[in-house]
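So you can see what is in the structure, the chains are spelled out below.
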Amino acid sequence: MVYKESGEESESPHILSFYSLRNMSSSSSSRPAPTLDTLPFLPASLIINYLDIDSLYCLADTARVFKEFIEDLKIRTDGYNISIRKGGYEMSLPAVNYTHYYSERDTDYLIDSMLQDYKDFMSLLPRNIDFLRVDPNLNGHFHRFDQECTVLSIGGHPIEYYGQKMEDCSSKDLDVLLNSVNFRRGLALNGPKPLITENQKIFDIDWLQIRNGTWITSEFLKKLKNKIVFLMDTDALTEEQFNQYLKDLKSGSIDNQNLQVIGFSRGTLWNKAAILNGLDATRGAVDQIYKVADFDKRIRAELFLPKVSSDGEIKIEESFDFTRDDGVKVSVEFSGKTVRIYIWNQNQEKKVTNKRGHPEDTNGPAAKKSC
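Residues numbered from 1 in each chain as written. Predicted model: local features only at pLDDT ≥ 70, side-chain atom pairs only at ≥ 80, totals over all residues. Heavy atoms only, no water.

A closer look at the overall build of the protein chain
For step 1, the next point in the chain: Secondary structure assignment for the protein chain yields ten helices and 17 strands.
For step 2, the next point in the chain: Looking at the 371 residues of the protein chain, the share that counts as buried comes to 47%.
For step 3, the next point in the chain: Summarising the internal contacts of the protein chain: among those between residues at least 6 apart in sequence, 58% fall at separations of at least 24.
For step 4, the next point in the chain: Here the protein chain displays about 19700 Å² of accessible surface, and carbon together with sulfur accounts for 49% of that area. (Helix = DSSP H or I, 4+ residues; strand = E, 2+ residues; numbered from the N terminus. Buried < 20%, exposed > 50% of the residue type's maximum accessible area, 1.4 Å probe, protein only. Contact = heavy atoms within 4.5 Å. Areas by Shrake-Rupley, 256 points an atom, 1.4 Å probe, with all protein chains shown as cover.)

Right, here's the structure in full:
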């Protein structure tokens, strides 16, 4: 927050009005003038609701009574989003359209400032970190990130790093960060260079996204225990390997009872016939609605899923369906250079009733066997 010298306009009119309110006097009466800290809770809370986050922070810093009052209001801000890279960071509260920027060339001082700012904001508005993005170029400082967050994202799309020199981030470096940060729901390994790791934590996290997945093998796929997976740039996987993955999924050879949706993308189109060979797949119904179980809106922080509604519904416009040996339907959707597989877990489906009183599965009927 920037303030100007006395006699000039202030860039914080709300704070100025509070100081005026606190210090005003009445010329017509000897009664003490009302101040913010003597106002009843309701009118004071209405006034404070007009303040932005910077103004709240400055107000809380002027007197303990203001800090305690703001804390008692329990202002809804949801979680923090923090993104740090060489040269600067931003800390935001998207729910209230607030973002704090800071620039600094010295990396140690930059991280010190980020940690202190987060501590200061947390003292007033204690919220979780929903989304933490860390630049791979900070690999020499990964040990300093011991935060807890919902989604950890490492790096970004290659276009974000255009013209920049990228340092190599080894599996050993990456393991330092993965072991330091407690990411509770999601992990995105974005690059721009391949981020190669087989750290055990990546196989068990609910949501996993990997860019630059040219290093991913069919053996790697068998280790996944995640619920939602999106693997990009998987050009090293052949149609035959993909087909074998689906056959293992059908027979139960792949031990992942958590899997809901897994997607693959690459630079060239997929051969549908080769991928579906031997699966007894049939063309599915048009515009099937798949419901993501245990849907959390924070999953939208990265490309874990395709376009999804506010309550976790995905429209599958066209697919090829087959039935696993345990009776669960599987849909394979081809969309350009992306293939996604949906597991319709019938045991967890919610039942709804139509006008005639017949129960229907919200996730649609099981796939028909082909002749």
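Anyway, onward from the coordinates.
Thoughts on the packing of aromatic side chains
For step 1, the next point in the chain: Summed over all chains, the structure comprises twelve aromatic pairs.
For step 2, the next point in the chain: Taking the centre distance of 5.3 Å and the plane angle of 55° together, the rings of Phe 203 and Phe 220 count as tilted. Of this pair, Phe 203 sits in helix H7 (residues 200-204) while Phe 220 sits in helix H8 (residues 218-222), placing them 17 residues apart in sequence. Accessibility classification places Phe 203 together with Phe 220 in one group, the buried group.
For step 3, the next point in the chain: Measuring from centroid to centroid gives 4.5 Å for Phe 242 and Phe 264, while their planes differ by 50°, and the two rings are tilted. Taken together, the positions of Phe 242 in helix H9 (residues 239-251) and Phe 264 in strand S9 (residues 261-265) put the pair 22 residues apart, joining distant regions of the chain.
For step 4, the next point in the chain: One cation-aromatic arrangement involves Arg 266 over Trp 270; the distance from NZ or CZ to the ring centre is 4.0 Å.
For step 5, the next point in the chain: Between the NZ or CZ atom of Arg 340 and the centre of the ring of Phe 230, over which it lies, the distance is 4.5 Å. (Phe/Tyr/Trp six-rings, centres within 6.5 Å; stacked < 30°, edge-to-face > 60°. Lys NZ or Arg CZ within 6 Å of the ring centre and 35° of its normal.)

Observations regarding the layout of surface pockets
Using a probe with the size of a water molecule, rolled over the atoms, empty space left in the structure can be pinpointed.
For step 1, the next point in the chain: What the second largest pocket holds in volume is close to 290 Å³.
For step 2, the next point in the chain: If you go around the second largest pocket, you meet 14 residues; those closest to its centre are Asp 78, Gly 79, Asn 81, Asp 130 and Arg 298.
For step 3, the next point in the chain: Residues of the lining of the second largest pocket, tallied by class, amount to four nonpolar, three polar and seven charged. (1 Å grid on protein atoms, 1.4 Å probe; cavity = no way out; pocket = protein on both sides within 12 Å on 5 of 7 lines; lining within 4 Å. Points joined across faces, edges and corners; volume = space filled by probe spheres on them. Nonpolar A, V, L, I, M, F, W, Y, C, P; charged D, E, K, R; others polar.)

Notes on unusual backbone geometry
For step 1, the next point in the chain: For the bond running from Gly 191 to Pro 192, omega is 20°, close enough to zero to count as cis.
For step 2, the next point in the chain: For Pro 192, the location among the structural elements is in the loop between strand S6 (182-191) and H7.
For step 3, the next point in the chain: One non-glycine residue, Asn 97, lies in positive phi territory at about 55°.
For step 4, the next point in the chain: Along the chain, Asn 97 turns up in the loop between strand S2 (87-93) and strand S3 (98-104).

What about the nonpolar core?
For step 1, the next point in the chain: If you look at the biggest cluster of nonpolar residues, it comprises 68 residues, and the most contacted ones within it are Leu 152, Leu 187, Tyr 245, Leu 246, Phe 264 and Ile 341.
For step 2, the next point in the chain: With six residues, the single largest contributor to this core is helix H5 (residues 107-124).
For step 3, the next point in the chain: Shared between two domains, this core takes at least three residues from each, and those domains are domain 2 (77-202) and domain 3 (226-349).
For step 4, the next point in the chain: Excluding anything up to four places from it in sequence, Phe 264 contacts Leu 221, Phe 230, Leu 231, Thr 234, Leu 237, Phe 242, Tyr 245, Trp 270, Lys 337, Thr 338, Val 339 and Ile 341.
For step 5, the next point in the chain: Within the second largest apolar cluster, 16 residues are counted, among which are Trp 207, Phe 295, Phe 304 and Val 308. (Core = buried A, V, L, I, M, F, W, Y, C linked by side-chain atoms within 4.5 Å. Domains from an automatic or database assignment.)

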